[in-house]
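Single-letter residue listing:
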Amino acid sequence: MADRLTTDGVLRSGAGRAVRWRARYRAVPWWVRITLVYALARVVTTIMMQGFAAAQSANSFTGEHPSYLSFAAVWDGAWYRVIATGGYPSTLPVDAAGHVAENAWAFMPAYPFLVRGLMLLTGASFEAVAVTVSLVAGWGAALVFRRLVGRFLDAPRATFATVLLCVAPTSVMFQVAYAESMGLFLLFVALLLAVDRRWWTMLPVVLLLGMTRPTGLAFACFLALVLAVWWFRPSWVREDSRPTLRTGLPPLVVAVVSGLVGLAWPAIAWAVTGVPKAYTDTELAWRSSYVGWGELVPFSSWVEGFAWWLRFPGGWPAALAIPLGLAGIAVLVWMPAARRVGLELRLWVVAYVVYLLAVFFPQSSTWRILMPVAPLLAVVALPRSWAYRVALVVVALVLQWVWLYANWWVDGYDWTPP
């Protein structure tokens, strides 16, 4: 009897501690929890990157064993440095055959111009400012993402979806000299405003988003899909009736503005350089080393990419990843459980993937380019099993190391840019 009383007391004591721990956890504001998660994830990523930097040999970007900031500003970071310090060229560079060579016009101006302004204001180096902007924008992206998915999921699931965002294999982008952090922050703000039907507030966000990452046409397509669904099935987007002139005009205006922003950068490149296809020819320069030179034919790039990877020695896993990856996205969008996540978020994923299918050539940077489909993490976060959640985090961190090894670390003549 004494043994039983002792055991019951221990159980009651353990249960009491668990209750008190949960009470303390719930007393912590959600944004503090997300901030701690984001900070811890960045510490883990920093340790990984420091390890790679210590083993990094001299290359075209850095010397041997570079500092963290130097290592975080390689690849496209070098192009953003060119823009931040010297702007865009008025004359397009060409190769010996007369083709447009890789140049700064492939990159949107908002991020490097913001970095330039802060450099002038603070006197700090490009690397320090660029990485800091990415870190702060990534923090903002995590906070807004938690609010966004929290519109549809309960608090624990919304928090876990944000954990996955913070530890994802490509979450390295949150602390390097790339525009992805700023782009994701603006995208999540725009999606949150769309979910809340705050259309006019979206206008400046959409304008800035379209000049940070090339998503203007994709976002216009997304809003067109929302309006179409709203017209045919209002209940699917949580509406009681079809859009009227008063309710439907604002999102239509934003869609048109977003589409115009998507066309503005190619027009600006044309105006400055005098070459009508300055932007598209610049983009094609990056794929010329894979499939040679040609015209941009919508929806042909992924077929070309599949064929190229299939011919490449040992490239069959990458070739298979194209149809399997697209099938996986389709499953996450349309599976019955995904109905618990707002249709607006899934329509965004559809619009963005269609845009990528139209213009993007699948290569090593595909995983980074797919970061805007992050709202699908809300679907991945639905199961409550702790074993499932821990396994996902561990797998994500392992794949983060693999991504750093395969894409970020510069290994001799490296043709796998992130």
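The structure under discussion appears in the preceding block.
Just so you know, these numbers come straight off a predicted model, no measurement behind them.

Participant: Could you clarify how one ought to interpret helix 10 (residues 216–232) in this entry?
Facilitator: Its 17 residues give helix 10 an end-to-end C-alpha distance of 25 Å, which sits within 8% of 24 Å, the value for a rise of 1.5 Å per residue. For helix 10, every residue scored as buried is listed here: Gly216, Ala218, Phe219, Ala220, Phe222, Leu223, Val226, Leu227, Val229 and Trp230. Check the buried side of helix 10 and you find it contacts helix 8 (180–195), helix 9 (199–210), helix 11 (245–273) and helix 15 (343–359).

Participant: Looking at this model, I keep getting lost on the packing of helix 6 (residues 126–150) against helix 7 (residues 155–167). Mind explaining?
Facilitator: The angle between the axes and the distance between the axes are what describe a pair of packed helices. Contact geometry for helix 6 and helix 7: axes closest at 9 Å, N-to-C directions at 145°. In this structure, helix 6 crosses over helix 7, and the sense of that crossing is right-handed. Within the contact between the two elements, helix 6 uses Ala141, Ala142, Phe145, Arg146, Val149 and Gly150 and helix 7 uses Ala155, Ala158, Thr159, Ala161, Thr162, Leu165 and Cys166. Of the residues that constitute the contact of helix 6 with helix 7, the class distribution is 9 nonpolar, 3 polar and 1 charged.

Participant: Honestly, the packing of aromatic side chains in this entry has me stumped. Any pointers?
Facilitator: The way to describe two aromatic rings as a pair is by their centre distance and the angle between their planes. Enumeration over the complete set of coordinates arrives at 30 aromatic pairs. Ring geometry for Phe52 versus Trp401: centroids 5.4 Å apart, planes at 40°, classification tilted. Here the residue Phe52 occupies a position in helix 2 (residues 30–55), and Trp401 occupies one in helix 18 (residues 386–408), the gap between them amounting to 349 residues. Trp401 sits in the partly exposed class, given a relative accessible area of 44%. Residues Trp308 and Trp309 carry aromatic rings whose centres are separated by 4.8 Å and whose planes lie at 90° to one another, so their mutual orientation is edge-to-face. On the accessibility criterion, Trp308 (11% relative accessible area) is buried. A residue is classified by how much of its surface remains accessible, and Trp309, at 10% relative accessible area, is buried. Of note, Arg197 hangs over the ring of Trp230, and the distance from its end group to the ring centre comes to 5.8 Å. The side chain of Arg242 reaches across the aromatic face of Trp231, ending 4.7 Å from its centre.

Thresholds, definitions, all that
- Residues numbered from 1 in each chain as written.
- Predicted model: local features only at pLDDT ≥ 70, side-chain atom pairs only at ≥ 80, totals over all residues.
- Heavy atoms only, no water.
- Helix = DSSP H or I, 4+ residues; strand = E, 2+ residues; numbered from the N terminus.
- Expected span 1.5 Å × (residues − 1).
- Buried < 20%, exposed > 50% of the residue type's maximum accessible area, 1.4 Å probe, protein only.
- Contact = heavy atoms within 4.5 Å.
- Axes fitted to C-alpha atoms, helices over the stretch in contact; angles between N-to-C directions.
- Left-handed = near helix turned anticlockwise from the far one by under 90°.
- Nonpolar A, V, L, I, M, F, W, Y, C, P; charged D, E, K, R; others polar.
- Phe/Tyr/Trp six-rings, centres within 6.5 Å; stacked < 30°, edge-to-face > 60°.
- Lys NZ or Arg CZ within 6 Å of the ring centre and 35° of its normal.

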